[in-house]
Amino acid sequence: MGGEEATSQLRIQEYLDEVCNLDIPSSQSQWYNIDVASLLSGSTIEGHELDPMTGSSLIFLSRSAILCCPQSGRIHHYPKHLIHCFVDDNRSELKEADGVLIRAELFSISPTDEQLCWECCCRSELEVPEIQSKVSRWLSWLNR
């Protein structure tokens, strides 16, 4: 196994390990470890994010992103050139923003039922650096 292939396998395993730490039903965990893992074989993961509330995950590849939704058993693939990043900084307009200080979203141009809508937001000044760091990673990936 070459160095690049070993690194790729390591990133896939790190992703699956984080998924295993989610509080999701065992059937969903199995879905990740069997179905999603087999689809990722041969792919190089550049990064990933997990939504602990839904068990969904977003996987960043070099030229696309994959959204995995274990509750529905769906895997969505989005070419990078169709993904956009929006950031709403509401810190100066708190009353109008329903208490959300910053909302960031990765959004795709695709059919309505297939759109990517990966969102993060914060309601505390203490969470702002985390959101800013996440958006920085998103923009870095989008601009590669």
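The structure displayed is predicted, hence computed values, not measured ones.

Trainee: Looking at this structure, I do not really get the sheet that holds strand β1 (residues 47-50). What am I missing?
Mentor: The pairing of strands in a sheet comes from backbone hydrogen bonds and takes either a parallel or an antiparallel form. Strand order in the open sheet made by the four strands is β1-β2-β3-β4, with antiparallel pairing throughout. A single partner strand is all that each edge strand has here, and the edge strands are β1 and β4 (74-79). Sheet twist, expressed as the mean angle between neighbouring strand axes with direction ignored, is 15 degrees. Relative to strand β2 (residues 57-60), β1 runs antiparallel, the two sharing four bridges. What sits directly across from His48, in β2, is Ile59. Along the sheet face, helix α1 (residues 3-20) touches β1, β2 and β3 (64-69) and points at about 5 degrees away from the line of β1. The strands that helix α3 (residues 128-142) touches are β1, β2 and β3; relative to β1, the one it contacts most, it runs at about 140 degrees.

Trainee: Would you explain α3 in this entry?
Mentor: For the α-helix, the turn length of 3.6 residues means that residues three or four positions removed from each other point alike. Taking 1.5 Å per residue, 15 residues should reach 21 Å; α3 reaches 21 Å between its end C-alpha atoms and fits that length. Every buried residue belonging to α3 is among Val128, Ile131, Lys134, Val135, Trp138, Trp141 and Leu142, and all of these are buried. In a view along the axis of α3, the buried residues occupy a sector of 155 degrees, so they form one face of it. At its buried positions, α3 is contacted by β1, β2, β3, β5 (83-89), β6 (102-108) and β7 (117-122).

Trainee: Mind showing me how you'd approach the packing of aromatic side chains here?
Mentor: The geometry of an aromatic ring pair is captured by two quantities: the separation of the ring centres and the angle between the planes. Inspection of every chain in the model, using the stated rule, returns four aromatic pairs. Ring geometry for Trp31 versus Tyr32: centroids 5.1 Å apart, planes at 65 degrees, classification edge-to-face. Like Trp31, the residue Tyr32 is buried in the burial classification. Judged by centre distance (4.9 Å) and plane angle (65 degrees), the ring pair of Phe60 and Trp141 falls under edge-to-face. Separated by 81 residues along the polypeptide, Phe60 in strand β2 and Trp141 in helix α3 bring together distant segments of the chain. Phe60 sits in the buried class, given a relative accessible area of 6%. The class for Trp141 is buried, based on a relative accessible area of 3%. The ring centre of Trp141 lies 4.8 Å from the NZ or CZ of Lys80, which sits over that ring.

Calculation criteria
- Residues numbered from 1 in each chain as written.
- Predicted model: local features only at pLDDT ≥ 70, side-chain atom pairs only at ≥ 80, totals over all residues.
- Heavy atoms only, no water.
- Pairing = 2+ DSSP bridges.
- Helix = DSSP H or I, 4+ residues; strand = E, 2+ residues; numbered from the N terminus.
- Axes fitted to C-alpha atoms, helices over the stretch in contact; angles between N-to-C directions.
- Contact = heavy atoms within 4.5 Å.
- Expected span 1.5 Å × (residues − 1).
- Buried < 20%, exposed > 50% of the residue type's maximum accessible area, 1.4 Å probe, protein only.
- Arc of directions from axis to C-beta.
- Phe/Tyr/Trp six-rings, centres within 6.5 Å; stacked < 30°, edge-to-face > 60°.
- Lys NZ or Arg CZ within 6 Å of the ring centre and 35° of its normal.

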